[in-house]
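Residue-level structure breakdown
Listed below are the residues making up each chain.
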Amino acid sequence: MDSNHQSNVKLSKTEKKFLRKQIKARHTLLRHEGIETVSYATQILVVANGGLGNGVSRNKLLPELEKLGQVDALLMPPNKPYSFVTYKTTEESKKAYATLNGQNIVNDLGQKIILYLNFVEKAQWKELGLQALPPGLKVVEEIISSEDEKLLLESVSWTEDTDNPNFQKSLKHRRVKHFGYEFHYENNNVHKDKPLPGGLPDICDSMLEKWLKEGFIRHKPDQLTVNQYEPGQGIPAHIDTHSAFEDEIISLSLGSEIIMDFKHPDGVTVPVMLPLRSLLVMTGESRYLWTHGITPRKFDTVQASKGHKSGIITGDVGDLTLSKRGIRTSFTFRKVRQTPCDCSYPLVCDSQMKEPPPSFPESDKEASQLEQKYVHQVYEEIAGHFSSTRHTPWPHIVEFLKALPSGSLVADVGCGNGKYLGINKELYMIGCDRSQNLVDICREKQYQAFVCDALSVPVRSGSCDACISIAVIHHFATAERRMAALQEIARLLRSGGKALIYVWAMEQEYQKKKSKYLRENKSNQGRQEISSDPSAQELFVEPVPDTGHQDSACSIPSINDFQKGRYHSREVANSMLPIHTNRTSFHSQDLLVPWHLKGNASKEKPTEPFGPAGTHDTGPVLHRYYHVFCEGELEAACQTLNNVSILQSYYDQGNWCVILQKA
Ligand SMILES: O=C(O)CCC(=O)C(=O)O
Ligand SMILES: [Fe+2]
Ligand SMILES: [Zn+2]
């Protein structure tokens, strides 16, 4: 009998359930990862759920697999929830399939995981880009002895100093202590005219002199931040404020190794191993342009072979495993900058920013101006590039449009590049958008579209059988204006007409699943597409049943952290709209989301959505205003609409959605 076919056998309820799950895993592997499973036995099995991405280490999985035969290779791609095992013979792989399929194992975090196995012809997954260290970055191994490490660790006293409470802080994600100058997390800067008494600890002074003499560093720092991270803690991705510190920033890792993620504005993430007693030296592009951060988690994916110590974690998946984090203490030394920064990265340089980021709007007029500048003008400018990243219609929206009776008149309010206007040829669809350039793109495709504001659509009341408004309402900057936009959609509907509305959700992790928007930022994932809003979600997949805990425990910083301004180095004051870091969780409901235009891309030819790691080819960055909706917020707004009932409300891959019906 074909090993995947059990049709002749009467299955129990549990067996059926398990079979369903196995089939689901197979579908997900194909749709999400492009891995084709086969229905006949081969030597190679893909083990869904048995991956580094859900906390199963090589040491855990390999012995289980070896019990059933001779394993030729076990490939574990970084951060993926599956792995590939190749057995010496098909007999052995069949035995493993029969025995392990549906079996529980306990992963390295003590969680129960069910394995689902399928045969494949070859072990392959979406290729990881060849990675190199970000330009200007160095990791010097074994820069100090273990005796010195011990002395340094003993030199920091973590007992509260009541005389100087400012020197030490317990942030949500770690403990910090400052020397030389205090670092203020409210504005991510230092008071340059208020050095702390005592300067840097003596023990550091001689060490720094030595590194200078030996050429590891070029400048003598005058500020020290000591960070201490328990396993599970981290530091959000950030760029150290340009105007606060000089070019060279160095960090000494003590107590335990850790993976630090460096991220280029393009979305390229490079995970860098910082072994204990190593010195990280960030200069130039790696200091000014790339963000650095530590994902809060208890395990890191690391190279298994002994020879490999510092540097990038490559895609050599035959050689990756999990390493349990210990307590890491870092000494980060910086030199306070006394003159404005004149780096060559003006787009991320607070010294060179032409104008400060806008504030939260306080009146309708301010809101309208904000939308004008941070929504309308931006879409006008990015229209061509934006459109080149918007191809795939989202399945639930397609379903809604396909279910409408033929001949229906349907308005797409905020139709963008018209991706939904031709979905159902039986409908009469009209699109409108605030952006002339997007409307032109629709017209080039022979769709009916016109320019208007969603607050006043020049269409007769009660004339539409249905409306859709996808990723639009979140661009209105006050609750009143968002209500007015909903009201306008309701006005267009005839009695009994339906509207489907999508807005971006504050919750990018829902029911323990990360949205695709977040999942695309997994470190180790090489080059990634980086469009930056909900419409970026080109794929709708059901993830392989995944316990998804790698960094879930404390990955969402508290409001407290938000107020401390730690989530973004460029945040200036609380009234300023924060600038969001793409592919990370939201820390504010109102924010600016960067759009990276490529090179000279404008209305013209779309360029590759990602550039090679470490290039200087960064085009302009434009910021779009968003109000991301919290759970229940869209529903609550819709409930106040007259003559409208909510037929359905749901969460769809990072968006809150409702289907409304006019009474
Ligand atoms: O812990 C580290 O090595 C880095 C700390 C850091 O980036 C910072 O304090 O700005
Ligand atoms: Fe930093
Ligand atoms: Zn700068």
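Residues numbered from 1 in each chain as written. Chains lettered and ligands numbered in written order. Predicted model: local features only at pLDDT ≥ 70, side-chain atom pairs only at ≥ 80, totals over all residues. Heavy atoms only, no water.

Going by what an unreviewed UniProt entry lists, the protein chain is known as tRNA (carboxymethyluridine(34)-5-O)-methyltransferase ALKBH8 and is assigned to Pipistrellus kuhlii. Within the UniProt record for the protein chain, the comment given under Subunit (unreviewed entry) is "Interacts with TRMT112." (UniProt positions renumbered as here; feature names shortened; annotations may be inferred.)

A tally of regular secondary structure across the protein chain gives 13 helices and 34 strands. Expressed as a percentage of its 663 residues, the buried residues of the protein chain come to 58%. Put simply, 74% of the contacts in the protein chain that link residues at least 6 apart link residues at least 24 apart. Looking at the protein chain as shown, the accessible area adds up to about 27,400 Å², and 52% of this sits on carbon and sulfur atoms. (Helix = DSSP H or I, 4+ residues; strand = E, 2+ residues; numbered from the N terminus. Buried < 20%, exposed > 50% of the residue type's maximum accessible area, 1.4 Å probe, protein only. Contact = heavy atoms within 4.5 Å. Areas by Shrake-Rupley, 256 points an atom, 1.4 Å probe, with all protein chains shown as cover.)

Once that is clear, we can look at the coordination of the iron ion (ligand 2). Surrounding the iron ion (ligand 2) are the protein donor atoms His238 (NE2), Asp240 (OD) and His292 (NE2), which sit 2.1 to 2.2 Å from the metal. Within one chain, the residues serving as donors to the iron ion (ligand 2) are arranged as H-x1-D-x51-H. Taken together, the residues span a long stretch of sequence, with His238 in strand S14 (residues 235-238) and His292 in strand S19 (residues 291-294) at a distance of 54 residues. His292 matches His238 in its accessibility class, with the two residues each being buried. (Donors = N, O, S within 2.8 Å, 3.2 Å for Na, K, Ca; no water.)

Here we come to a positive patch on the surface. Judged by side-chain charge, Lys10, Lys16, Lys17, Arg20 and Lys21 come together as a positively charged surface patch. As for its position among the elements, Lys16 is in helix H1 (residues 13-33). (Patch = residues over 30% accessible without salt bridge, like charges linked within 9 Å, V, L, I, M, F, W, Y side chains within 5 Å. Salt bridge = Lys/Arg side-chain N within 4 Å of Asp/Glu carboxyl O. Lys, Arg positive; Asp, Glu negative; His and termini not counted. Charge placed at Lys NZ, Arg CZ, Asp CG, Glu CD.)

Membership of the largest hydrophobic core comes to 31 residues, with the highest contact counts inside it found for Ile501 and Leu634. With five residues, helix H10 (residues 479-492) is the single largest residue contributor to this core. Once you skip the residues sitting within four places of it in the chain, Leu634 turns out to touch Leu486, Ile501, Val503, Phe629, Trp656, Cys657 and Val658. Grouped together as the second largest cluster of nonpolar side chains are 28 residues, Ile382, Leu597, Tyr625 and Tyr626 included. (Core = buried A, V, L, I, M, F, W, Y, C linked by side-chain atoms within 4.5 Å.)

Here the focus is the sheet that holds strand S33 (residues 644-652). In space, the seven strands of this open sheet follow the order S26-S25-S24-S27-S28-S34-S33, with mixed pairing throughout. Across the chains shown, the open sheet's two edge strands, defined by having one partner strand only, are strand S26 (448-451) and S33. Neighbour-to-neighbour, the strand axes of this sheet turn through a mean angle of 15°, independent of strand direction. In terms of strand pairing, strand S24 (residues 409-413) meets strand S25 (residues 428-433) through five bridges, oriented parallel. Across the sheet, Leu409 pairs through a bridge with Tyr428, a residue of S25. (Pairing = 2+ DSSP bridges. Axes fitted to C-alpha atoms, helices over the stretch in contact; angles between N-to-C directions.)

Their axes nearest at 7 Å, the elements helix H7 (residues 364-388) and helix H9 (residues 436-444) cross at an angle of 35°. Contacts between H7 and H9 pair Tyr379, Glu380, Ala383, Gly384, Phe386 and Ser387 from the former with Gln436, Asn437, Leu438 and Ile441 from the latter. A per-class count over the contact of H7 with H9 returns five nonpolar, four polar and one charged. (Nonpolar A, V, L, I, M, F, W, Y, C, P; charged D, E, K, R; others polar.)

Consecutive side chains along a regular strand alternate between the two faces of the sheet. For strand S13 (residues 223-229), a buried count of seven out of seven residues is recorded, marking the element as mostly surrounded by other parts of the structure. Bridge count between strand S10 (residues 175-179) and S13: five bridges; the pairing is antiparallel. Counted as the bridge partner of Val176 is Asn227 from S13. Relative to strand S23 (residues 328-334), S13 runs antiparallel, the two being bridged by seven bridges. Each bridged residue has a counterpart across the sheet, and for Val226 the counterpart in S23 is Phe331.

Turning next to the site of ligand 1. Close contacts around ligand 1 come from 13 residues, with Tyr229, Ser251, His292, Arg328 and Ser330 the closest. Within the contact set of ligand 1, an oxygen atom lies 2.5 Å away from a side-chain nitrogen or oxygen of Tyr229. The side chain of Ser330 places a nitrogen or oxygen atom 2.7 Å from an oxygen atom of ligand 1. Within the complex, 99% of the 290 Å² of free accessible area of ligand 1 lies under protein. Mapped onto the shell around ligand 1, the elements with two or more residues apiece are S13, S14 and S23. Top contributing element to the shell around ligand 1 by residue count: S23, with four residues. (Near = heavy atom within 4 Å. Polar contact = N/O pair within 3.5 Å; in protein donor to acceptor, adjacent residues only side chain to side chain.)

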